[in-house]
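# Understanding the architecture of this molecule
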Amino acid sequence: MRATGKKIPPGIARFVAIAASLLGASLLAQEAFAFELFGHRFFEAEPDPDISPDAQRYTVAIDTVGADDDLHAAVLAASALWTGRDDTPPPSTAAFLSRVNAEYGRITAALYREGRYGGTIEITVGGQDPDAIAPDAVLPQPVKVAMRVTPGPLFRFGQVEITGAPPPGPEDTDFKKSTPAEIGLAVGEPARAGAVTGSEKLLIDAWRRRGHPLASIVRRDTIAEHDSSTLDVAITVDPGPAATFGPLAVTGTSRMDPRYTAWMTGIEPGAPYDPAVIERGQKNLRRLQVFSSQRIEEAKALGPNGQLPLTLNVAERPLHVFGGGVSYATEDGAGVEAYWQHRNLFGHAESFKLSGAVNGIAGVDPKDFNYDLSATFTRPGIITPFTDFTAALEATRETPDTYTETAITAKVGLSHAITDELTASVGLGVTASRDEDAQGTDKFLLTGLPIGLAYDSRDDKTDPHEGFNAKVSAEPFYEANFGNAGVITDASVTSYLALDREGRFVIAGRLAAGSILGAPIDEMPNGRLYYAGGGSSVRGYAYRSLGPKDNGVVTGGLSRLEGSVELRAKVSESFGVVGFVDAGNAFASNYPDFADGLRFAAGAGIRYYTGLGPVRLDVALPLDHEPGDSTFGVYIGLGQSF
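Procedures and definitions
- Residues numbered from 1 in each chain as written.
- Predicted model: local features only at pLDDT ≥ 70, side-chain atom pairs only at ≥ 80, totals over all residues.
- Heavy atoms only, no water.
- Helix = DSSP H or I, 4+ residues; strand = E, 2+ residues; numbered from the N terminus.
- Rg over C-alpha atoms; globule rule 2.2 N^0.38 Å.
- Contact = heavy atoms within 4.5 Å.
- Areas by Shrake-Rupley, 256 points an atom, 1.4 Å probe, with all protein chains shown as cover.
- Lys, Arg positive; Asp, Glu negative; His and termini not counted.
- Charge placed at Lys NZ, Arg CZ, Asp CG, Glu CD.
- UniProt positions renumbered as here; feature names shortened; annotations may be inferred.
- Pairing = 2+ DSSP bridges.
- Buried < 20%, exposed > 50% of the residue type's maximum accessible area, 1.4 Å probe, protein only.
- Expected span 1.5 Å × (residues − 1).
- Polar contact = N/O pair within 3.5 Å; in protein donor to acceptor, adjacent residues only side chain to side chain.
- Domains from an automatic or database assignment.
- Buried area = accessible area lost by both parts, 1.4 Å probe.
- Salt bridge = Lys/Arg side-chain N within 4 Å of Asp/Glu carboxyl O.
- Nonpolar A, V, L, I, M, F, W, Y, C, P; charged D, E, K, R; others polar.
- Phe/Tyr/Trp six-rings, centres within 6.5 Å; stacked < 30°, edge-to-face > 60°.
- Lys NZ or Arg CZ within 6 Å of the ring centre and 35° of its normal.
- pLDDT = per-residue confidence, 0-100.
- Core = buried A, V, L, I, M, F, W, Y, C linked by side-chain atoms within 4.5 Å.
- Axes fitted to C-alpha atoms, helices over the stretch in contact; angles between N-to-C directions.
- Left-handed = near helix turned anticlockwise from the far one by under 90°.

Here the focus is the overall build of the protein. Counting its regular elements, the protein contains 7 helices and 32 strands. Taking 2.2 N^0.38 as the reference for a compact globule, 642 residues should give roughly 26 Å; the C-alpha atoms of the protein span a radius of gyration of 33 Å, well beyond that estimate. When its C-alpha atoms are laid out on the principal axes, the protein stretches across 95 × 75 × 55 Å. Taking the contacts inside the protein whose residues are at least 6 apart along the sequence as the reference set, 59% of them involve residues at least 24 apart. Accessible area for the protein stands at about 32800 Å²; split by element, carbon and sulfur atoms hold 58% of it. The centroid of the 56 positive side-chain charges in the protein is displaced by 2 Å from the centroid of its 80 negative side-chain charges.

All right, on to unusual backbone geometry then. A negative phi angle characterises most non-glycine residues, just as the trans form characterises most peptide bonds. Cis rather than trans, the peptide bond between Gln141 and Pro142 has omega equal to 0°. On the secondary structure map, Pro142 appears in the loop between β6 (120-125) and β7 (143-150). We note that Asn305 has phi near 60°; this positive angle belongs to a residue other than glycine. With respect to the helices and strands, Asn305 occurs in the loop between β12 (291-298) and β13 (307-316).

Here we come to the UniProt feature "domain: Bacterial surface antigen (D15)" (unreviewed entry) in the protein. Within the UniProt annotation, "domain: Bacterial surface antigen (D15)" (unreviewed entry) is assigned to residues 344-642. Secondary structure within residues 344-642 divides into 0% helix and 60% strand; the distance between the first and last C-alpha atoms comes to 31 Å.

Our next topic: the pairing of strand β24 (residues 484-498). When strand β23 (residues 467-479) meets β24, the two strands line up antiparallel, connected through 13 bridges. Counted as the bridge partner of Tyr478 is Ala485 from β24. Hairpin connection from β23 to β24: 4 residues lie between these consecutive antiparallel strands, with Gly483 at a positive phi of about 70°. When β24 meets strand β25 (residues 505-517), the two strands line up antiparallel, connected through 12 bridges. Bridge pairing in β25 places Tyr496 opposite Ala508. Here β24 folds back onto β25 in antiparallel fashion, the turn holding 6 residues, of which Gly503 has a positive phi close to 75°.

Here we take up helix α2 (residues 69-78). The periodicity of an α-helix, 3.6 residues per turn, causes residues three or four positions apart to be oriented the same way. Of all 10 residues making up α2, 7 are buried, and the element is well covered by its neighbours. Three or more residues of α2 are buried, namely Asp69, Leu71, His72, Ala74, Val75, Leu76 and Ala78.

We now examine helix α7 (residues 275-287). Helix length check: α7 (13 residues) gives 19 Å between terminal C-alpha atoms against 18 Å at 1.5 Å per residue, within 8%. Against β11 (244-251), α6 (258-263), β12, β13 and β19 (403-417) lie the buried residues of α7. One side-chain oxygen of the residue at the start of α7 lies 2.9 Å from the amide nitrogen of Ala276, identifying that residue as Asp274. Taken from the residues just after α7, Gln289 is the one with a positive phi, measuring 65°.

Moving on, we get to the domain arrangement of the protein. Partitioning the protein into domains gives domain 1 (58-150), domain 2 (156-238), domain 3 (244-316) and domain 4 (320-638). Distance between the C-alpha centres of domain 1 and domain 2: 32 Å. Taken together, the 6 residues of domain 1 in the interface contact 6 residues of domain 2. Between domain 1 and domain 2, the buried area comes to about 450 Å², and carbon and sulfur atoms account for 59% of it. Looking only at domain 1, the three residues that lose the most surface to domain 2 are Arg113, Glu114 and Tyr117, adding up to 77% of its buried area. Connecting domain 1 to domain 2 are 0 salt bridges. Its residues assigned to classes, the side of domain 1 that touches domain 2 comprises 2 nonpolar, 2 polar and 2 charged.

Under the definition given, this model contains 32 salt bridges. Between Arg219 and Asp221 there is a salt bridge, with its nearest N and O atoms 2.6 Å apart. Since its relative accessible area comes to 37%, Arg219 is described here as partly exposed. Between Arg544 and Glu398 there is a salt bridge, with its nearest N and O atoms 3.4 Å apart. Taken together, the residues span a long stretch of sequence, with Arg544 in the loop between β25 and β26 (549-550) and Glu398 in strand β18 (residues 387-398) at a distance of 146 residues. What makes Glu398 buried here is its relative accessible area of 19%. Through salt bridges with shared partners, one network takes in Arg539, Glu566, Arg568, Asp582, Arg607 and Asp618.

The subject of this paragraph is the packing of aromatic side chains. Applying the stated criterion across every chain, the model contains 10 aromatic pairs. Relative to Phe155, the ring of Tyr117 lies with its centre 5.5 Å away and its plane at 70°, an arrangement referred to as edge-to-face. Of this pair, Tyr117 sits in the loop between α4 (93-113) and β6 while Phe155 sits in the loop between β7 and β8 (156-163); the two residues are 38 residues apart in sequence, bridging distant segments of the chain. Tyr117 sits in the buried class, given a relative accessible area of 15%. Taken together, a centroid distance of 6.2 Å and an interplanar angle of 40° make the contact between Tyr260 and Trp263 tilted. Note that Tyr260 and Trp263 are positioned in helix α6 at a spacing of 3 residues, about one turn of the helix. For Tyr260, a relative accessible area of 6% gives the class buried. Judged by relative accessible area, Trp263 falls into the partly exposed class, the value being 38%. Every member of this aromatic cluster is reached through a ring pair, and the members are Tyr112, Tyr117 and Phe155. Across the ring face of Trp82, the terminal group of Arg85 is positioned such that the distance to the ring centre comes to 3.9 Å. Across the ring face of Tyr609, the terminal group of Lys570 is positioned such that the distance to the ring centre comes to 4.6 Å.

All right, on to the confidence of the model for the protein then. Detailed reading of the predicted model is not advised wherever pLDDT is low. For the protein, per-residue confidence averages 90 on the pLDDT scale, and 92% of positions sit at 70 or higher. Across residues 1-45, confidence stays below pLDDT 50; counting only partners more than four residues off in sequence or on other chains, it has 54 contacts.

Ranked by size, the top nonpolar core spans 23 residues in total, and within it Val60, Ile62, Phe96, Val125, Val145 and Met147 carry the most contacts. Of all the secondary structure elements, the ones that give two or more residues to this core are β5 (58-64), α2, α3 (80-83), α4, β6 and β7. Sort the elements by how many residues they give to this core and α4 lands first, with 5 residues. Other than its neighbours up to four places away in sequence, Val125 contacts Phe96, Val100, Pro130, Ile133, Leu139, Val143, Lys144 and Val145.

Here we take up the packing of α2 against α4. How two helices sit against one another is set out by the angle between their axes and by the gap between those axes. Following both chains from N to C, one finds α2 and α4 inclined at 145°, their axes separated by 8 Å at the closest point. Classified by chirality, the crossing of α4 by α2 is right-handed. Contacts from Leu71, Ala74, Val75 and Ala78 in α2 reach Arg106, Ile107, Ala110, Leu111 and Arg113 in α4. Here the contact of α2 with α4 is built from residues that sort into 7 nonpolar, no polar and 2 charged.

Written as structure tokens, this is what we have:
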């Protein structure tokens, strides 16, 4: 039993449990003082319509003799009477007695999970043996249930014999624990039942990774030696025959081409069986966003030539979807965005998406807002099941304090998922833009060939606790109006480290850098130069307000360097707090020049966790405030800041 996160000694824990039960009984007994006058009840809540008039109320006290706090908590968690004591009571005496009798099996299983095989369980109902109570008996309201659980000694594994275990191999390199001994099934270790059942699953999975889909446990003997408090275990595994993938049948398609759907799994008939291939295929289908569910089922027996037939069951989503979002920052202004998408144009999961966004809404003049309109066509599976083709047309207008840029961009590209984590991309883009700033008005026509790699091992895209996300790109370009050729390079990495097993405390870090080679600052579009500041950069400073200056006006730079560190703490299931430090700047040189210095900010925030991800509210303060800088920034959005 636990209270306010601290362990209570076993004796006190049992006293609290018994006292809570007695207190509950005394409160329920107050119903005797309730009365009804002219249809109105006094001193009593209205009856719950979901509670049967024959419902059997009860109180429960559980005493675990000689148990430590963890074992006592395990017994309480296993007891349905204890965990359901505040729920709707059983509808009748018979239903109540059935629940009481089920307690023996529940608590016995809990003791086995803790390595206790010599325990005893005594239960009385109103001071009687529950087996002596008739199903239609009239019991007190509430009736007292008392349990006395004697766990017995902790058993340890004695003899451990495993027959048919797979030999170690490279198939296990991605698994931290791949042998029974590593999960506790070893001589002298506590004989927890989970170590036995977990080892059986581990052995079967290991054989499946080696191409044996029908591996099974054919024998399990467990003998408890009560004299020595040991548990002897013998497990025999039948790996079954090695197999190859058989044909993949598809059910549930209506608009999607079933042959294309099967091809998009990447499963090739005749290839050696590998469960990782099946998992990747299902993940690739989820990426298409056209199915509400998809599941690949394996046959129970091999077909001709040792092939394993497969069946893919899918359910299609509606063709059209729309959505939107809002954001707000005191320095950047408010933002709204919306999109409409057709998710399956021609039966091959082609998507067409129209999206628009208005940001920087900090005043009343629409000429000062930032606009973004785009149309994007995506065709997945263009060369391989893991290669996508994208074509997009985008029109933008940006109006930060130092310039106004209007641009239109047309681009095409290919992206290929090399593995589940690693993706490569290549593209071709042409941007025509018109820039207005303190130096005058310029026009640009820039053609680029972006090439990139991205590695993403985060456990959750909106609220990561572990893993990292790294991106690197190089874009050779030619700008026609000034005749400059060069390359734009960018790299970023974010990393996450959980400080506890539950992931309630997480350290998150971000580092980003970029450089432009081959063109001077005044012959590059403002939108392609580097700036710092804003909600996704150095919080606390206005959007694009940091960088090299000309006569006090930020002009944008040829390089940048940014970093952030956050400590995230989830204080409840719904709320969390964050403390952070940001640093960064943009520089006139081709590479970050620390002589110009970094700008720093610090702040704190709160998180409200939803099914779509955490809603964030951050407040940041500049640490080296200069004339013209903001004094603080407030940022609201969906998902963690990075």
